Amino acid sequence: MKRPIATAIAIAIGLIVLLGYFIPLPILTSVRIELVQWAIILSGVAVLVGVINLFSVHLKKIREKEKGAVYSLFLIAALLLTFILGIILGPDHSTMQLMFESVVIPVEASLMAMLAMTLIYASIRLLRRRSDLMTVVFLITVLLVLLGTAPLPFGPLPIVGDLIRPFIAQVLAAAGARGILLGVALGTLTTGLRIVFGADRPYGGR
Amino acid sequence: MAEIRCPMCGKSNPDSLDECQFCQARLKPITAPLDPLQPGEPPTKKNTSELEKTLPGWLREARKAEDDNTGFEETPAETGSVSKADSTDLLGGLADAQEEEEEVPDWLSRLSPDTVKTPDRKTPSTPKESGSGDWLSEIRHETPDTSEQAPTTPEPESFEAGPETGSIDLGESTFRVDDTADESGFGSFSFGKADEEDNQIQADDSEVQPFITFDGDGSTAEGELPSWLSNFAEGNSDQEPSESTEPETADTSEPQAEGELPNWLSGFSADENPAQDTALETPAAPEEPLKEETQKAEESQVPAFEGELPDWLSTLPSDGEQGQSFTGDAEEPVQQAASPSEPGPEAVSKEESPEWLANLPSESKATELPNVRAFTDSLKKMPTDESSPDVGLPNWLGDESAGEPEGSDAVQPAAPESEPPVESELLDRLTASPAAGDGAAQEPPDITGPPFFVEEKASSDEDVEAIFSMDMPDWLSSLGPGDQEQSQASDDSAGESDESLVPGDLPGWVKAMRPVEAVVDKAPVDSGESDRKVEHKGPLAGLSGILPAGSASAPTHKTQTYAIKLQVSDAQQVNASLLERLLASEAKPRSLSTSAYVMPQRFLRWAIAVLLILVIGVTTFAGTSVVPLPNLYPNETLAAIKAINDLAADGTVLLVFDYNPGLSGEMEAAATPVVDHLMLKGMKLAALSSVPTGPALTERFMRSLQDSYDFQPDQQYVELGYLPGGSAGVLGFASNPLVTIGQTISGTNLWASPALENIKSLGDFSALVLLTDEPEIARTWIEQAKPKLGSRPLILVVSAQAEPMVRPYYESGQVQGMVTGLMGGVSYEKVNARPGLSTRYWDAFSFGIFFAELMIVAGGLWSLISAWLARRTQPAEKE
């Protein structure tokens, strides 16, 4: 009984929102806007539900003493502390800002730095692990882009910076990107239509 | 119409019918339901007149014929002889046996306890008193007792059901054998009509025909001596003219009190007086009480049956006694009966000659005849009655037993071979009479059992010799005196151990009934030990070649053997070997290449990290400006600059901070000159974020610029907060920003602030500047918000990693400007001539990139060389 109702609701809302773009009726527009507002509210609640789920998962991990339960303990502690302080002090409070700038930003920045170092290491060992033409081509492309992105200390390279790198970035890469974007757009359209027609039912269980 | 259901087939029949119209079973009981007879209780008397219907037809007719004869009805027992007509009727009654199943033959009816008694005949002493031996005398003495008891059997006599262990179906009558041995070595056996239930003889007058039972001692189960037997015994004694004999049968002088010859037998010897036929029917009148009939039968035992002696009996060789033996003496009473009176036996033989007897094959009869020898031996051992010297072994049996050793010795060694001839001779004699006087159209009952009655009085030597002059049947010859003694001893021992049935001992005539060697293949297949093994117990005792119990389960033949070796061709063998090698190679573990570069790898990582930290750190903190700034500016950056320059003053620009904290360094470096330019323009700023960390990043970014530009919150800058919902949120904000972002947590209406005055929709913003490091977010804002912006510029500040995916939007004209990473920031700052964070990071950025490039090149070259060297060494190792 659940599935037919959920399917009917999804189809109805999808059609209303879609028709609102093509039929400039005030009622449709108002309904569409209202439905979008409901989606925004539900998205906000979904974020809260996600946080609660995260909390429960790690709590279960601690209760069952699984591997990595210590990290789950730290996570729950930090979560609860931040949540409680945020409720008490408010999200705009300087303490909250301090916590964010002292913990979140450095941690994520460090992760990005490690990523950079790892990529350099992988590039250095790439030819050793896999010595083939594509690997060479890949490495050459990387070098060219890097050379064209930042000038050398002793001065920019005239051809690389002015011709090669723009060609790689703006022609080759852009072409690939365009293809990807087109595919994504078509896929999004198809997925939306399938949901509107009831072919795909990502809701309601099975 | 009422219906009654047949107890046999279960079908419905009209109530008026007595027999089922489908299966001919009786629907209504003949008499009222009887009370069950408890063990030890004497049967209750029943009105035998009601049981007339139960008599078989042939018996009914026999009795009717007997009734027609005068003088027999009143004293049927006294006549003691059976007229020829009676005998004829008897035999005639047998012919009608099929039609009237319920009629009891007259001679059978006379065997009731009431009719059979020894009373007037005077039993000088009971067998028990005399010390057991003479079972016939016992019968004779016991008959008075039994006569007093009210038989519960139907009309003619009262028959009782004795214990039996087996039965021989004679059609309407059956022989039942009680395997319990007695002193004489014989088990008790009974003769009667079978009940519907197998081997369950009930004292039910309504359904069961009367039985006559004889114990081993010659008496009935309840001590009743049947008339014919008493007459038989008396007749063997050859004296004591039976007082109970009928006047018609003058020569029926067989004593009936002591071993009375059955009427039918005595009648054979006396006369075939048709009047004697009434003796058969005496018990006769259906309505007469059973007791009266039994009394009459007792009185006229021999005479009652004398006249009914069948012809076949009359033709039998007779001894000096009268009607003593079943085989030989049967002729005597017939002859005796025939001589003085009417041709009874002949008439009987004509009218009532047992066709059944004539129809019996000689061999079958021979095989079925009881062991005469056994009987004679047992009879010899019975104590004779002193008062009645006639009581005891009949003459024919006695003499024969006397001469038994001679004859038996001669016979026994060749018993297996001579059996058939002996028996055939007996049967020939038996069949001769019926053949001679075969006038009866009745079918005699199929007697498959041995004769059960034994004359009490020993026959004369002549009779015995006459009988035993012929070859003794195996069943008789095998049972010698020693056998009887052994059986008695075994019985005694068995009796001591087990008071109940004595296992294993069978009476002689039962032993004779077992398949004898004459019937069995004389040349049994020699199967080895099984043939030599002789069975000692059971119905197959004495036979050899009996298969053991477990022989059936033993395999009789050798199982077929199959070759174990698999038959394969050469090609199959080659393929199999190939497959085997392949499987072996799979299972064979490959040699692991030892990894000797674990340490160098870790060192390399550390080296890379240290080098980068040093280079970037030194150049950053040192504030060097070694690396020259770019001279060529990206077009998208220039477009962004132009777009912002074209903005109207005092407008509000929407800043969307949708980048992650990890790329905050690059993004802040790239966004600072743009926001600075906006601030220089005097634009009001409204900050919004669609990621949860956006508001915090916005706060951080704006705080860093505040020192330079002294932005006042809510005056020049407003934070709209977090916009949830992803694309739906962007769509909602783009559609109606006032509804989507209404109030703050504190309840303040943000849209009322001076920075957002005159902002009612997204199109009221002067521009939208999106700061993001993800192409998806850029695409979302471009696809959802741009239509609502209209002509307002959309400027993107993206990281270098998102540029390829976002550039198509710039090149398609949907984005008016784009600042890409640190390069764009530097270019923007250089164009605005306002060096900022990007310029400060430029040297570090350059050196970092340069060293990264160096490491990549060096490492690549090193990898190529090492790989080449490794390939050179591998062939050498393989060689």
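In this text, all values refer to a predicted model and were calculated from it rather than measured experimentally.

Student: Please give an account of the overall build of chain B that cites residues and values.
Tutor: A tally of helices and strands in chain B yields 36 helices and 12 strands. Taking all 879 residues of chain B together, the buried fraction comes to 55%. Considering only contacts in chain B between residues 6 or more positions apart, those separated by 24 or more positions represent 80%.

Student: Outline the nonpolar core, supporting the account with residue identities and numerical values.
Tutor: All names here are of chain B. Residues Leu654, Leu720, Phe733, Leu768 and Trp781 are the most contacted members of the largest nonpolar core, which totals 38 residues. Of all the secondary-structure elements, those providing two or more residues to this core are β7 (652-658), β8 (684-689), β9 (717-722), α31 (727-735), β10 (767-772), α33 (775-789), β11 (794-798) and α34 (803-811). The leading source of residues in this core is α33, at 6 residues. Core analysis: the next-biggest nonpolar cluster, separate from the first, contains 37 residues, Tyr659, Val675, Met683 and Ala767 among them.

Student: Account for the pattern of salt bridges, naming residues and giving values.
Tutor: Overall, the coordinates contain 11 salt bridges over all chains when judged by the stated rule. Between A:Glu101 and B:Arg703 there is a salt bridge, and its shortest N-O distance comes to 2.3 Å. Here A:Glu101, found in helix α4 (residues 94-129), pairs with B:Arg703, found in helix α30 (residues 694-709), and the two come from separate chains. The salt bridge partner of B:Arg700 is B:Glu668, with a shortest N-O separation of 2.8 Å. Of this pair, B:Arg700 sits in helix α30 while B:Glu668 is found in helix α29 (residues 664-681), placing the two residues 32 residues apart along the sequence. One connected set of salt bridges, linked through shared partners, spans A:Arg178, B:Glu636, B:Glu803, B:Arg807 and B:Glu811.

Student: Describe the side chain of B:Ser689, naming the residues involved and giving the relevant values.
Tutor: Residue and element names in this part refer to chain B. Mapped onto the secondary structure, serine 689 falls in strand β8. Taking relative accessible area as the criterion, serine 689 reaches 0% and is therefore assigned buried. At 2.7 Å, the side chain of serine 689 forms a polar contact with the backbone oxygen of phenylalanine 657. Within polar-contact distance, the side chain of serine 689 engages the backbone nitrogen of glycine 694 at 3.4 Å. Once you skip the residues sitting within four places of it in the chain, serine 689 turns out to touch Phe657, Asp658, Gly694, Pro695, Gly721, Tyr722 and Leu723.

Conventions and cut-offs
Residues numbered from 1 in each chain as written. Chains lettered and ligands numbered in written order. Predicted model: local features only at pLDDT ≥ 70, side-chain atom pairs only at ≥ 80, totals over all residues. Heavy atoms only, no water. Helix = DSSP H or I, 4+ residues; strand = E, 2+ residues; numbered from the N terminus. Buried < 20%, exposed > 50% of the residue type's maximum accessible area, 1.4 Å probe, protein only. Contact = heavy atoms within 4.5 Å. Core = buried A, V, L, I, M, F, W, Y, C linked by side-chain atoms within 4.5 Å. Salt bridge = Lys/Arg side-chain N within 4 Å of Asp/Glu carboxyl O. Polar contact = N/O pair within 3.5 Å; in protein donor to acceptor, adjacent residues only side chain to side chain.

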